[in-house]
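This is what each chain is made of:
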Amino acid sequence: METNIPEIAVLGHPNEGKSSVLSTLAEDDSVRISPYPGETTTCRTFPVIIDGREILRFTDTPGFQNPGRLLAHYRSLTGSTEQKLRDLLAYAASATDLAEDHELLTPVARGAGIIYVVNGARPIRHVDRDEMELLRLIGKPRMAVINSKDEDSRSVDRWKDELAIHFNSIRRFNAHRAGYRERLALLEALKSIDQDWQQTFSGVIAVVEQNWNNRISASAHIITRFLTESLGLKLSAGLENAAAEHEVRARLTERYTSRIATLEKQAHDQIRGLFRHRRFDYRLPPRSILNEEIFSERSWQLLGLSKNQLILLGGLSGGAVGAGIDVAALGHGLGLFTALGAVGGALGALTGRKRLDYASSLLGIKISGARLTIGPAASISLLFVLINRSLHYFEHMANWSHGRRDYQELSQPPEDQSIANHTSDWPAAQLKLCNEFFRSAENPESEKHRAAAVDMETLLVKTLLAVVTQR
Ligand SMILES: Nc1nc2c(ncn2[C@@H]2O[C@H](COP(=O)(O)OP(=O)(O)O)[C@@H](O)[C@H]2O)c(=O)[nH]1
Ligand SMILES: [Mg+2]
(Lines give C-alpha, C1' and ligand atoms only; values in the text may rest on other atoms or scores of the structure.)
(Ligands and ions follow the chains in the order given, each with its own letter.)
Protein backbone atom coordinates (compact mmCIF):
# COMPACT_ATOMS: atom_id res chain seq x y z
CA MET A 1 0.00 0.00 0.00
CA GLU A 2 1.26 3.38 -0.97
CA THR A 3 1.99 5.69 1.90
CA ASN A 4 1.61 9.46 1.99
CA ILE A 5 -1.89 9.24 0.63
CA PRO A 6 -3.92 11.84 2.49
CA GLU A 7 -6.67 10.39 4.64
CA ILE A 8 -9.76 12.24 5.77
CA ALA A 9 -11.88 10.86 8.57
CA VAL A 10 -15.53 11.90 8.61
CA LEU A 11 -16.64 12.49 12.18
CA GLY A 12 -19.76 13.74 13.88
CA HIS A 13 -22.85 12.64 15.65
CA PRO A 14 -24.74 9.56 14.39
CA ASN A 15 -27.32 10.23 11.68
CA GLU A 16 -26.10 13.70 10.74
CA GLY A 17 -25.20 12.72 7.20
CA LYS A 18 -21.56 11.68 7.62
CA SER A 19 -21.82 8.72 5.29
CA SER A 20 -23.83 10.75 2.79
CA VAL A 21 -21.24 13.51 2.69
CA LEU A 22 -18.47 10.94 2.31
CA SER A 23 -20.31 9.09 -0.44
CA THR A 24 -20.84 12.27 -2.47
CA LEU A 25 -17.32 13.54 -1.90
CA ALA A 26 -15.67 10.25 -2.77
CA GLU A 27 -18.18 9.55 -5.60
CA ASP A 28 -18.69 6.13 -4.14
CA ASP A 29 -22.18 4.70 -3.99
CA SER A 30 -21.12 1.63 -2.04
CA VAL A 31 -21.01 3.73 1.14
CA ARG A 32 -23.73 2.56 3.47
CA ILE A 33 -26.35 5.19 4.28
CA SER A 34 -29.14 4.51 6.71
CA PRO A 35 -32.08 6.45 8.10
CA TYR A 36 -31.50 4.79 11.48
CA PRO A 37 -28.79 6.13 13.78
CA GLY A 38 -26.19 3.79 15.20
CA GLU A 39 -26.08 1.20 12.44
CA THR A 40 -22.40 1.78 11.75
CA THR A 41 -20.21 0.45 14.53
CA THR A 42 -16.85 0.19 12.78
CA CYS A 43 -14.78 2.39 10.53
CA ARG A 44 -14.53 1.76 6.83
CA THR A 45 -12.04 3.34 4.48
CA PHE A 46 -12.94 4.27 0.91
CA PRO A 47 -10.09 4.97 -1.47
CA VAL A 48 -10.54 7.49 -4.28
CA ILE A 49 -8.90 5.86 -7.26
CA ILE A 50 -8.34 7.78 -10.45
CA ASP A 51 -6.68 6.18 -13.46
CA GLY A 52 -5.72 3.23 -11.31
CA ARG A 53 -4.00 5.36 -8.69
CA GLU A 54 -5.24 6.04 -5.19
CA ILE A 55 -5.08 9.78 -4.66
CA LEU A 56 -7.02 10.22 -1.46
CA ARG A 57 -8.91 8.12 1.05
CA PHE A 58 -11.91 8.80 3.22
CA THR A 59 -12.75 6.95 6.40
CA ASP A 60 -16.33 6.62 7.55
CA THR A 61 -16.78 6.39 11.32
CA PRO A 62 -19.60 5.31 13.63
CA GLY A 63 -20.06 8.74 15.22
CA PHE A 64 -19.49 9.93 18.76
CA GLN A 65 -21.27 8.03 21.53
CA ASN A 66 -19.84 9.52 24.71
CA PRO A 67 -18.15 12.79 23.82
CA GLY A 68 -18.64 14.14 27.38
CA ARG A 69 -16.64 11.31 28.92
CA LEU A 70 -13.93 11.52 26.30
CA LEU A 71 -13.58 15.25 26.84
CA ALA A 72 -13.46 14.95 30.64
CA HIS A 73 -10.81 12.26 30.40
CA TYR A 74 -8.75 14.19 27.87
CA ARG A 75 -8.76 17.24 30.11
CA SER A 76 -7.37 15.17 32.98
CA LEU A 77 -4.40 14.05 30.89
CA THR A 78 -0.96 15.62 30.86
CA GLY A 79 1.92 15.55 28.40
CA SER A 80 2.22 16.43 24.73
CA THR A 81 -0.89 16.47 22.53
CA GLU A 82 0.38 13.35 20.76
CA GLN A 83 0.83 11.61 24.11
CA LYS A 84 -2.58 12.70 25.31
CA LEU A 85 -4.25 11.39 22.13
CA ARG A 86 -2.52 8.03 22.63
CA ASP A 87 -3.69 7.95 26.24
CA LEU A 88 -7.24 8.85 25.23
CA LEU A 89 -7.24 6.02 22.72
CA ALA A 90 -6.02 3.59 25.39
CA TYR A 91 -8.72 4.81 27.73
CA ALA A 92 -11.42 4.30 25.07
CA ALA A 93 -10.03 0.84 24.32
CA SER A 94 -10.34 -0.16 27.96
CA ALA A 95 -14.10 0.34 28.27
CA THR A 96 -16.58 -1.75 26.27
CA ASP A 97 -19.13 1.05 26.13
CA LEU A 98 -16.52 3.26 24.47
CA ALA A 99 -15.92 0.81 21.64
CA GLU A 100 -17.38 3.08 18.96
CA ASP A 101 -15.63 6.15 20.33
CA HIS A 102 -12.41 4.17 20.20
CA GLU A 103 -13.17 3.21 16.65
CA LEU A 104 -13.67 6.80 15.51
CA LEU A 105 -10.54 8.05 17.28
CA THR A 106 -8.37 5.44 15.58
CA PRO A 107 -8.04 7.17 12.17
CA VAL A 108 -7.48 10.50 13.93
CA ALA A 109 -4.63 8.95 15.93
CA ARG A 110 -2.99 7.65 12.75
CA GLY A 111 -2.92 11.16 11.29
CA ALA A 112 -6.12 11.50 9.30
CA GLY A 113 -7.50 14.99 8.74
CA ILE A 114 -10.98 15.58 10.05
CA ILE A 115 -14.22 16.56 8.40
CA TYR A 116 -16.75 17.17 11.13
CA VAL A 117 -20.32 16.91 9.82
CA VAL A 118 -23.30 18.58 11.45
CA ASN A 119 -26.89 18.74 10.41
CA GLY A 120 -27.54 22.45 9.91
CA ALA A 121 -31.26 22.04 10.42
CA ARG A 122 -31.21 21.22 14.12
CA PRO A 123 -30.23 23.35 17.09
CA ILE A 124 -26.89 22.96 18.86
CA ARG A 125 -26.76 20.79 21.98
CA HIS A 126 -24.37 20.16 24.79
CA VAL A 127 -22.91 17.02 23.30
CA ASP A 128 -22.08 18.89 20.11
CA ARG A 129 -20.01 21.38 22.09
CA ASP A 130 -18.22 18.49 23.80
CA GLU A 131 -17.38 16.93 20.45
CA MET A 132 -16.16 20.18 18.96
CA GLU A 133 -14.12 21.07 22.00
CA LEU A 134 -12.48 17.66 22.06
CA LEU A 135 -11.51 17.97 18.40
CA ARG A 136 -10.11 21.45 19.02
CA LEU A 137 -8.00 20.19 21.92
CA ILE A 138 -6.74 17.22 19.92
CA GLY A 139 -5.56 19.84 17.47
CA LYS A 140 -5.50 17.86 14.22
CA PRO A 141 -6.24 19.54 10.87
CA ARG A 142 -9.99 19.82 10.69
CA MET A 143 -12.84 21.45 8.92
CA ALA A 144 -16.55 21.58 9.66
CA VAL A 145 -19.21 20.76 7.11
CA ILE A 146 -22.78 21.88 7.57
CA ASN A 147 -24.92 19.37 5.73
CA SER A 148 -28.35 20.70 4.88
CA LYS A 149 -29.97 17.43 5.66
CA ASP A 150 -33.52 18.60 6.12
CA GLU A 151 -33.38 21.42 3.60
CA ASP A 152 -34.14 23.62 6.57
CA SER A 153 -31.44 26.12 7.36
CA ARG A 154 -32.94 27.89 10.37
CA SER A 155 -30.07 26.92 12.66
CA VAL A 156 -27.26 27.40 10.18
CA ASP A 157 -26.18 30.84 11.36
CA ARG A 158 -25.96 29.72 14.94
CA TRP A 159 -23.97 26.68 13.86
CA LYS A 160 -21.59 28.91 11.93
CA ASP A 161 -20.88 31.05 15.01
CA GLU A 162 -20.33 28.03 17.21
CA LEU A 163 -18.22 26.15 14.68
CA ALA A 164 -16.02 29.22 14.14
CA ILE A 165 -14.74 28.82 17.70
CA HIS A 166 -13.49 25.30 17.06
CA PHE A 167 -12.69 25.05 13.35
CA ASN A 168 -10.67 27.22 11.01
CA SER A 169 -12.62 26.21 7.96
CA ILE A 170 -16.40 25.84 7.69
CA ARG A 171 -18.33 24.96 4.59
CA ARG A 172 -21.90 24.24 3.69
CA PHE A 173 -22.27 21.15 1.60
CA ASN A 174 -25.48 19.49 0.61
CA ALA A 175 -24.80 15.75 0.35
CA HIS A 176 -27.90 15.26 -1.80
CA ARG A 177 -27.29 18.02 -4.29
CA ALA A 178 -23.58 18.68 -4.46
CA GLY A 179 -22.06 18.20 -7.88
CA TYR A 180 -18.61 18.50 -9.35
CA ARG A 181 -18.17 22.19 -8.57
CA GLU A 182 -19.21 21.85 -4.94
CA ARG A 183 -16.95 18.84 -4.47
CA LEU A 184 -14.05 20.73 -5.93
CA ALA A 185 -14.74 23.74 -3.70
CA LEU A 186 -14.67 21.51 -0.66
CA LEU A 187 -11.36 19.91 -1.67
CA GLU A 188 -10.04 23.41 -2.27
CA ALA A 189 -11.04 24.36 1.27
CA LEU A 190 -9.29 21.27 2.65
CA LYS A 191 -6.05 22.72 1.36
CA SER A 192 -6.26 25.50 3.89
CA ILE A 193 -6.73 23.39 7.01
CA ASP A 194 -3.12 22.35 7.18
CA GLN A 195 -0.03 23.86 5.67
CA ASP A 196 1.59 20.51 5.11
CA TRP A 197 -1.40 19.50 3.04
CA GLN A 198 -1.45 22.41 0.67
CA GLN A 199 0.79 20.86 -1.89
CA THR A 200 -0.71 17.41 -1.60
CA PHE A 201 -4.22 18.74 -2.06
CA SER A 202 -3.22 20.94 -4.96
CA GLY A 203 -2.07 17.73 -6.61
CA VAL A 204 -5.30 15.94 -5.72
CA ILE A 205 -7.38 18.79 -7.12
CA ALA A 206 -5.43 18.84 -10.37
CA VAL A 207 -6.03 15.11 -10.83
CA VAL A 208 -9.74 15.46 -10.07
CA GLU A 209 -10.10 18.33 -12.56
CA GLN A 210 -8.22 16.48 -15.27
CA ASN A 211 -10.30 13.38 -14.66
CA TRP A 212 -13.53 15.36 -14.93
CA ASN A 213 -12.49 16.80 -18.27
CA ASN A 214 -11.54 13.32 -19.44
CA ARG A 215 -15.00 12.08 -18.53
CA ILE A 216 -16.58 14.80 -20.65
CA SER A 217 -14.46 14.00 -23.70
CA ALA A 218 -14.92 10.26 -23.20
CA SER A 219 -18.69 10.77 -23.05
CA ALA A 220 -18.62 12.78 -26.27
CA HIS A 221 -16.61 10.00 -27.88
CA ILE A 222 -18.96 7.28 -26.69
CA ILE A 223 -22.01 9.18 -27.94
CA THR A 224 -20.45 9.92 -31.32
CA ARG A 225 -19.54 6.28 -31.87
CA PHE A 226 -23.03 5.22 -30.88
CA LEU A 227 -24.55 7.72 -33.33
CA THR A 228 -22.40 6.44 -36.17
CA GLU A 229 -23.33 2.85 -35.45
CA SER A 230 -27.02 3.58 -35.15
CA LEU A 231 -27.34 5.74 -38.22
CA GLY A 232 -25.36 3.31 -40.33
CA LEU A 233 -27.15 0.24 -39.04
CA LYS A 234 -28.35 -1.94 -41.91
CA LEU A 235 -30.30 -5.17 -41.67
CA SER A 236 -31.63 -7.34 -44.43
CA ALA A 237 -33.63 -10.51 -44.93
CA GLY A 238 -34.61 -12.65 -47.86
CA LEU A 239 -38.13 -12.59 -49.30
CA GLU A 240 -39.30 -15.99 -50.37
CA ASN A 241 -42.51 -14.75 -51.87
CA ALA A 242 -44.59 -11.62 -52.10
CA ALA A 243 -46.95 -12.77 -49.36
CA ALA A 244 -44.07 -12.91 -46.88
CA GLU A 245 -43.21 -9.27 -47.37
CA HIS A 246 -45.40 -7.91 -44.59
CA GLU A 247 -44.15 -10.42 -42.12
CA VAL A 248 -40.48 -9.93 -42.99
CA ARG A 249 -40.93 -6.17 -42.84
CA ALA A 250 -42.45 -6.42 -39.35
CA ARG A 251 -39.76 -8.76 -38.08
CA LEU A 252 -36.94 -6.69 -39.49
CA THR A 253 -38.38 -3.46 -38.14
CA GLU A 254 -38.57 -5.01 -34.71
CA ARG A 255 -34.97 -6.19 -34.92
CA TYR A 256 -33.83 -2.81 -36.16
CA THR A 257 -35.47 -0.78 -33.42
CA SER A 258 -34.38 -3.12 -30.64
CA ARG A 259 -30.81 -3.15 -31.97
CA ILE A 260 -30.67 0.63 -31.75
CA ALA A 261 -32.10 0.48 -28.22
CA THR A 262 -29.35 -2.00 -27.30
CA LEU A 263 -26.63 0.18 -28.77
CA GLU A 264 -28.01 3.10 -26.81
CA LYS A 265 -28.07 1.13 -23.58
CA GLN A 266 -24.46 0.06 -24.07
CA ALA A 267 -23.37 3.65 -24.67
CA HIS A 268 -25.32 4.90 -21.67
CA ASP A 269 -23.95 2.19 -19.41
CA GLN A 270 -20.45 3.30 -20.33
CA ILE A 271 -21.31 6.89 -19.43
CA ARG A 272 -22.77 5.72 -16.15
CA GLY A 273 -19.49 3.91 -15.43
CA LEU A 274 -17.46 7.02 -16.18
CA PHE A 275 -19.40 8.88 -13.52
CA ARG A 276 -18.96 6.02 -11.08
CA HIS A 277 -22.57 5.14 -10.57
CA ARG A 278 -22.12 1.46 -9.97
CA ARG A 279 -24.21 -0.07 -7.28
CA PHE A 280 -27.62 1.31 -7.61
CA ASP A 281 -30.28 0.47 -10.08
CA TYR A 282 -30.64 3.95 -11.43
CA ARG A 283 -34.19 4.81 -12.33
CA LEU A 284 -34.73 7.91 -14.27
CA PRO A 285 -37.20 10.45 -12.98
CA PRO A 286 -40.67 9.13 -13.78
CA ARG A 287 -41.43 11.94 -16.18
CA SER A 288 -38.15 11.82 -18.02
CA ILE A 289 -38.40 11.71 -21.76
CA LEU A 290 -35.94 8.83 -21.57
CA ASN A 291 -38.74 6.58 -20.40
CA GLU A 292 -40.27 6.98 -23.83
CA GLU A 293 -39.25 4.57 -26.52
CA ILE A 294 -36.80 5.87 -29.09
CA PHE A 295 -39.25 5.39 -31.91
CA SER A 296 -42.25 6.93 -30.29
CA GLU A 297 -44.17 9.88 -31.59
CA ARG A 298 -43.58 11.83 -28.37
CA SER A 299 -39.82 11.33 -28.56
CA TRP A 300 -39.73 12.55 -32.12
CA GLN A 301 -41.92 15.52 -31.43
CA LEU A 302 -39.95 16.65 -28.39
CA LEU A 303 -36.45 15.67 -29.35
CA GLY A 304 -36.40 15.85 -33.11
CA LEU A 305 -35.79 18.88 -35.24
CA SER A 306 -37.95 21.92 -34.84
CA LYS A 307 -39.93 23.17 -37.85
CA ASN A 308 -37.59 26.14 -38.18
CA GLN A 309 -34.57 23.91 -38.16
CA LEU A 310 -36.11 21.78 -40.85
CA ILE A 311 -36.52 24.84 -43.00
CA LEU A 312 -32.99 25.98 -42.20
CA LEU A 313 -31.60 22.60 -43.01
CA GLY A 314 -33.66 22.38 -46.20
CA GLY A 315 -32.14 25.63 -47.41
CA LEU A 316 -28.56 24.67 -46.67
CA SER A 317 -27.56 22.74 -49.69
CA GLY A 318 -30.57 22.09 -51.83
CA GLY A 319 -30.73 18.61 -53.21
CA ALA A 320 -27.80 17.42 -51.15
CA VAL A 321 -29.93 17.27 -48.03
CA GLY A 322 -32.45 15.18 -49.83
CA ALA A 323 -34.92 12.70 -48.61
CA GLY A 324 -33.94 12.88 -44.94
CA ILE A 325 -35.59 16.25 -44.64
CA ASP A 326 -38.79 15.35 -46.40
CA VAL A 327 -39.22 12.34 -44.25
CA ALA A 328 -38.41 14.26 -41.10
CA ALA A 329 -41.07 16.79 -42.06
CA LEU A 330 -43.55 13.99 -42.47
CA GLY A 331 -42.76 12.92 -38.95
CA HIS A 332 -44.51 15.97 -37.65
CA GLY A 333 -48.08 14.93 -37.60
CA LEU A 334 -48.63 13.24 -40.90
CA GLY A 335 -49.40 9.84 -39.57
CA LEU A 336 -45.88 8.54 -39.83
CA PHE A 337 -45.97 6.98 -36.42
CA THR A 338 -49.30 5.41 -37.03
CA ALA A 339 -47.69 3.81 -40.00
CA LEU A 340 -44.65 2.80 -38.00
CA GLY A 341 -46.80 1.32 -35.28
CA ALA A 342 -48.63 -0.66 -37.87
CA VAL A 343 -45.41 -1.98 -39.30
CA GLY A 344 -44.19 -3.04 -35.91
CA GLY A 345 -47.42 -4.52 -34.64
CA ALA A 346 -50.90 -4.86 -36.02
CA LEU A 347 -50.35 -5.99 -39.54
CA GLY A 348 -54.05 -5.94 -40.21
CA ALA A 349 -54.00 -2.17 -40.01
CA LEU A 350 -51.68 -1.93 -42.97
CA THR A 351 -54.01 -0.69 -45.61
CA GLY A 352 -52.95 2.31 -47.61
CA ARG A 353 -49.80 2.06 -49.65
CA LYS A 354 -49.03 5.58 -48.50
CA ARG A 355 -48.69 4.69 -44.83
CA LEU A 356 -46.22 2.04 -45.69
CA ASP A 357 -44.23 4.41 -47.76
CA TYR A 358 -43.84 6.85 -44.88
CA ALA A 359 -42.53 4.19 -42.57
CA SER A 360 -40.34 2.73 -45.25
CA SER A 361 -38.75 6.01 -46.07
CA LEU A 362 -38.16 6.82 -42.40
CA LEU A 363 -36.28 3.63 -41.74
CA GLY A 364 -34.80 3.41 -45.17
CA ILE A 365 -36.66 0.24 -46.06
CA LYS A 366 -35.88 -0.97 -49.57
CA ILE A 367 -36.74 -4.03 -51.56
CA SER A 368 -34.32 -5.10 -54.19
CA GLY A 369 -34.64 -8.39 -55.91
CA ALA A 370 -35.58 -10.95 -53.33
CA ARG A 371 -34.20 -9.02 -50.37
CA LEU A 372 -35.69 -6.50 -47.98
CA THR A 373 -33.31 -4.04 -46.35
CA ILE A 374 -33.69 -1.62 -43.45
CA GLY A 375 -31.24 1.18 -42.91
CA PRO A 376 -29.12 3.15 -43.00
CA ALA A 377 -31.49 5.57 -41.30
CA ALA A 378 -33.28 7.75 -43.77
CA SER A 379 -34.48 10.52 -41.50
CA ILE A 380 -32.08 13.00 -39.96
CA SER A 381 -34.58 13.42 -37.13
CA LEU A 382 -33.34 10.13 -35.73
CA LEU A 383 -29.93 11.73 -35.20
CA PHE A 384 -31.45 14.51 -33.12
CA VAL A 385 -33.64 12.17 -31.11
CA LEU A 386 -30.58 10.07 -30.25
CA ILE A 387 -28.38 13.08 -29.44
CA ASN A 388 -31.01 14.54 -27.13
CA ARG A 389 -31.61 11.28 -25.35
CA SER A 390 -27.91 10.86 -24.70
CA LEU A 391 -27.61 14.43 -23.46
CA HIS A 392 -30.42 13.77 -21.02
CA TYR A 393 -28.82 10.61 -19.79
CA PHE A 394 -25.48 12.31 -19.41
CA GLU A 395 -27.09 15.14 -17.46
CA HIS A 396 -28.61 12.69 -14.97
CA MET A 397 -25.36 10.81 -14.51
CA ALA A 398 -23.04 13.80 -14.25
CA ASN A 399 -25.21 15.71 -11.82
CA TRP A 400 -26.44 12.95 -9.54
CA SER A 401 -24.86 13.03 -6.06
CA HIS A 402 -23.60 9.63 -4.97
CA GLY A 403 -24.87 10.19 -1.43
CA ARG A 404 -28.41 10.56 -2.64
CA ARG A 405 -30.32 7.31 -2.61
CA ASP A 406 -33.98 8.21 -2.96
CA TYR A 407 -33.96 7.13 -6.56
CA GLN A 408 -37.59 6.19 -6.70
CA GLU A 409 -39.21 9.10 -5.02
CA LEU A 410 -37.85 11.97 -6.98
CA SER A 411 -40.09 14.90 -6.44
CA GLN A 412 -39.01 16.54 -9.64
CA PRO A 413 -41.35 18.84 -11.45
CA PRO A 414 -42.60 17.56 -14.78
CA GLU A 415 -39.83 17.76 -17.29
CA ASP A 416 -39.95 21.12 -18.98
CA GLN A 417 -40.57 20.35 -22.60
CA SER A 418 -38.77 23.45 -23.79
CA ILE A 419 -35.53 22.30 -22.15
CA ALA A 420 -36.07 18.67 -23.07
CA ASN A 421 -34.64 19.49 -26.44
CA HIS A 422 -31.00 20.52 -26.13
CA THR A 423 -30.55 20.94 -29.87
CA SER A 424 -33.55 23.11 -30.71
CA ASP A 425 -31.42 26.25 -30.78
CA TRP A 426 -28.54 24.80 -32.72
CA PRO A 427 -27.87 27.24 -35.55
CA ALA A 428 -27.37 26.55 -39.24
CA ALA A 429 -23.64 25.87 -38.92
CA GLN A 430 -24.22 23.10 -36.40
CA LEU A 431 -27.13 21.67 -38.36
CA LYS A 432 -24.89 21.56 -41.38
CA LEU A 433 -22.33 19.61 -39.42
CA CYS A 434 -25.05 17.20 -38.28
CA ASN A 435 -26.19 16.83 -41.84
CA GLU A 436 -22.68 15.92 -42.98
CA PHE A 437 -22.43 13.44 -40.15
CA PHE A 438 -25.81 11.93 -40.94
CA ARG A 439 -25.22 11.61 -44.65
CA SER A 440 -21.78 10.09 -44.33
CA ALA A 441 -22.68 7.58 -41.61
CA GLU A 442 -23.53 5.09 -44.30
CA ASN A 443 -19.78 4.77 -44.84
CA PRO A 444 -18.39 5.12 -41.35
CA GLU A 445 -14.83 4.47 -42.51
CA SER A 446 -14.90 7.15 -45.17
CA GLU A 447 -12.72 10.24 -44.87
CA LYS A 448 -15.87 12.31 -44.94
CA HIS A 449 -17.45 10.60 -41.98
CA ARG A 450 -14.26 10.57 -39.95
CA ALA A 451 -13.97 14.30 -40.38
CA ALA A 452 -17.65 14.78 -39.54
CA ALA A 453 -17.24 12.60 -36.43
CA VAL A 454 -14.36 14.76 -35.18
CA ASP A 455 -16.55 17.84 -35.58
CA MET A 456 -19.47 16.07 -33.91
CA GLU A 457 -17.31 15.17 -30.93
CA THR A 458 -16.14 18.75 -30.55
CA LEU A 459 -19.71 20.00 -30.71
CA LEU A 460 -20.79 17.43 -28.14
CA VAL A 461 -17.98 18.34 -25.72
CA LYS A 462 -19.19 21.93 -25.83
CA THR A 463 -22.77 20.87 -25.29
CA LEU A 464 -21.93 18.47 -22.43
CA LEU A 465 -19.93 21.16 -20.67
CA ALA A 466 -22.93 23.47 -20.90
CA VAL A 467 -25.14 20.73 -19.46
CA VAL A 468 -22.98 20.34 -16.35
CA THR A 469 -22.38 24.03 -15.76
CA GLN A 470 -26.00 25.03 -16.23
CA ARG A 471 -27.00 23.94 -12.77
N1 LIG B 1 -32.64 15.22 2.48
C2 LIG B 1 -31.40 14.92 2.87
N3 LIG B 1 -31.24 13.81 3.63
C4 LIG B 1 -29.98 13.49 4.03
C5 LIG B 1 -28.85 14.27 3.65
N6 LIG B 1 -27.75 13.71 4.19
C7 LIG B 1 -28.18 12.62 4.87
N8 LIG B 1 -29.52 12.48 4.77
C9 LIG B 1 -30.33 11.39 5.37
O10 LIG B 1 -30.07 11.29 6.75
C11 LIG B 1 -29.98 9.93 7.14
C12 LIG B 1 -28.65 9.65 7.81
O13 LIG B 1 -27.63 9.83 6.85
P14 LIG B 1 -26.22 9.11 6.99
O15 LIG B 1 -25.35 9.69 5.93
O16 LIG B 1 -26.36 7.63 7.04
O17 LIG B 1 -25.78 9.68 8.42
P18 LIG B 1 -24.59 9.18 9.37
O19 LIG B 1 -25.22 8.31 10.38
O20 LIG B 1 -24.08 10.44 9.99
O21 LIG B 1 -23.58 8.50 8.54
C22 LIG B 1 -30.21 9.10 5.89
O23 LIG B 1 -31.56 8.71 5.85
C24 LIG B 1 -29.90 10.07 4.77
O25 LIG B 1 -30.62 9.77 3.59
C26 LIG B 1 -29.08 15.45 2.82
O27 LIG B 1 -28.16 16.17 2.43
N28 LIG B 1 -30.36 15.71 2.47
MG1 LIG C 1 -22.89 6.53 8.69
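Please refer to the structure placed before this passage.
What you see is a predicted model; the values in this text were computed from it and never measured. (Residues numbered from 1 in each chain as written. Chains lettered and ligands numbered in written order. Predicted model: local features only at pLDDT ≥ 70, side-chain atom pairs only at ≥ 80, totals over all residues. Heavy atoms only, no water.)

Draft legend 1. Highlighting helix H18 (residues 447-469). Over its 23 residues, H18 runs 34 Å from end to end, which matches the ideal 33 Å to within 8%, given 1.5 Å per residue. Where H18 is concerned, the buried positions are His-449, Ala-452, Ala-453, Met-456, Leu-459, Leu-460, Thr-463, Leu-464, Val-467 and Val-468. Buried residues in H18 make contact with helix H8 (197-232), helix H15 (380-399) and helix H17 (428-440). (Helix = DSSP H or I, 4+ residues; strand = E, 2+ residues; numbered from the N terminus. Expected span 1.5 Å × (residues − 1). Buried < 20%, exposed > 50% of the residue type's maximum accessible area, 1.4 Å probe, protein only. Contact = heavy atoms within 4.5 Å.)

Draft legend 2. Fine view of empty space enclosed by the protein. Within the structure shown, the criterion is met by two cavities of 30 Å³ or more. Each pocket or cavity is described by its volume, and for the largest cavity that value is around 130 Å³. Together, 16 residues line the largest cavity, and Glu-27, Val-48, Ile-50, Arg-183 and Val-208 are the ones closest to its centre. Taken together, the elements giving at least two residues each to the lining of the largest cavity come down to helix H1 (18-26), strand S2 (44-50), strand S3 (53-60), helix H7 (180-191) and H8. In terms of residues, the lining of the largest cavity owes the most to one element, H8, which gives four residues. Looking at side-chain class alone, the lining of the largest cavity contains eleven nonpolar, one polar and four charged residues. For the second largest cavity, the calculated volume is near 70 Å³. (1 Å grid on protein atoms, 1.4 Å probe; cavity = no way out; pocket = protein on both sides within 12 Å on 5 of 7 lines; lining within 4 Å. Points joined across faces, edges and corners; volume = space filled by probe spheres on them. Nonpolar A, V, L, I, M, F, W, Y, C, P; charged D, E, K, R; others polar.)

Draft legend 3. Local environment of the sheet that holds strand S6 (residues 170-172). Taken in spatial order, the six strands line up as S2-S3-S1-S4-S5-S6 in an open sheet, and their pairing is mixed. Sheet topology places S2 and S6 at the edges, where each strand pairs with a single neighbour. Shown here is a sheet whose adjacent strand axes are inclined to one another by a mean of 25 degrees, direction ignored. Running over the sheet, H7 touches strand S1 (7-12), S3, strand S4 (113-119), strand S5 (142-147) and S6 and is turned about 155 degrees from S5. Sitting on the sheet, H8 is in contact with S1, S2, S3 and S4, with an inclination near 110 degrees to S3. (Pairing = 2+ DSSP bridges. Axes fitted to C-alpha atoms, helices over the stretch in contact; angles between N-to-C directions.)

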